[in-house]
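# Structural description and commentary
Below are the chains, spelled out letter by letter.
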Amino acid sequence: MKLVVKRKSELLPYLEAELDMPKKKIKSYLVHGMIDINHQKVTQYNFPLEVGMKIEIDTKTKKQLPFTILYEDNFILVVDKPSNLLTIATSKEKEKTLYHYVREYVKSKNKNNKIFVVHRLDRDTSGIVLFAKDEKTKNDFQKNWNTDTKNREYIAIVHGIMEKKSDCLVNRLLETKTNHVYVTEKKEGKEAITNYQVIKESNLYSMLKIKIETGRKNQIRVQLANINHPIVGDKKYSKKKREETSSRLYLHASKLQIFYKQKNDILTLESKLPDSFHKFIRK
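This part takes up the layout of surface pockets. Approximately 1,300 Å³ is the volume found for the largest pocket. Along the wall of the largest pocket there are 43 residues; nearest its centre are Arg120, Asp122, Arg216, Lys217 and Asn218. Among the elements of the structure, helix H5 (145–148), strand S11 (149–159), strand S12 (166–175), helix H6 (219–226) and strand S16 (251–260) are those that each provide at least two residues to the lining of the largest pocket. Here the lining of the largest pocket takes four residues from S16, the largest share from any one element.

Another point: the sheet that holds strand S6 (residues 54–57). If you trace the four strands from one edge of the open sheet to the other, you get S1-S6-S3-S4, paired in antiparallel fashion. Strands at the two margins of the open sheet, each flanked by one partner only, are strand S1 (2–4) and strand S4 (40–41). Of the pairings in the sheet, the one linking strand S3 (residues 35–37) to S4 comprises two bridges and is antiparallel in character. If you follow aspartate 36 over to S4, its bridge partner there is lysine 41.

Attention shifts here to unusual backbone geometry. The phi dihedral of asparagine 38 falls on the positive side, at around 50°, and the residue is not glycine. Tracing the sequence through the fold places asparagine 38 in the loop between S3 and S4. A relative accessible area of 41% places asparagine 38 in the partly exposed class. Of note in this structure, asparagine 264 is not a glycine but carries a positive phi near 50°.

Reading the values: rules and limits
- Residues numbered from 1 in each chain as written.
- Predicted model: local features only at pLDDT ≥ 70, side-chain atom pairs only at ≥ 80, totals over all residues.
- Heavy atoms only, no water.
- 1 Å grid on protein atoms, 1.4 Å probe; cavity = no way out; pocket = protein on both sides within 12 Å on 5 of 7 lines; lining within 4 Å.
- Points joined across faces, edges and corners; volume = space filled by probe spheres on them.
- Helix = DSSP H or I, 4+ residues; strand = E, 2+ residues; numbered from the N terminus.
- Pairing = 2+ DSSP bridges.
- Buried < 20%, exposed > 50% of the residue type's maximum accessible area, 1.4 Å probe, protein only.

Pasting the structure below:
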């Protein structure tokens, strides 16, 4: 589908006015990178249009995910979530989420396809996220998550040089009404266990390999901040000023090993560490 722009406007309202197409469908073409303007891919809803620009919408190609699929079969789909993307919708953001992208992808293959979130990552954390393609598979994973998950590894870059090059952090965590998690001595706090090992150092920072034994909300971020080694780029739990160079939270879910009932075997999933981690630790 091709259009020539007739008036100045922002992209989304212009397409709404010019096309006999639901707004939701137009947004879907945008987020999946299926709209070109003057032969360049555009995903911004508010992209400024000028008279004479040429718009081309690819309505035939099946939608592709804007991030890597790590594993897919008839029961599950595992993706490599980028940083700064919600796993599921909130009251403020409904569409720019990992779930929305994955749902659109599976439905582009068959409109009756469904997708279910098995576990989540924080918005700012990148790495492995597992989805199920049917509710029974989702329930099986979630019901047995703590026993069937054999290994969960993360890579983080933290402020400072660690005095202990490896350690096991054990704390109780509580969450406030404003969704802030903190370390507490109170019995009602939920136990969080985080193991770390230093794998690289620079003058100011340490790169850690982290294995978690529990899956509490924000536990890695909170426990490292509690020992005065907050994760670089953590605006929520670090008291340090966020560096201009740290455009993201340096926490990445790098490995997941889980018992996969359908294959009666351990499924090992790994995500390559983003290049930005290697560049940052050289500082």
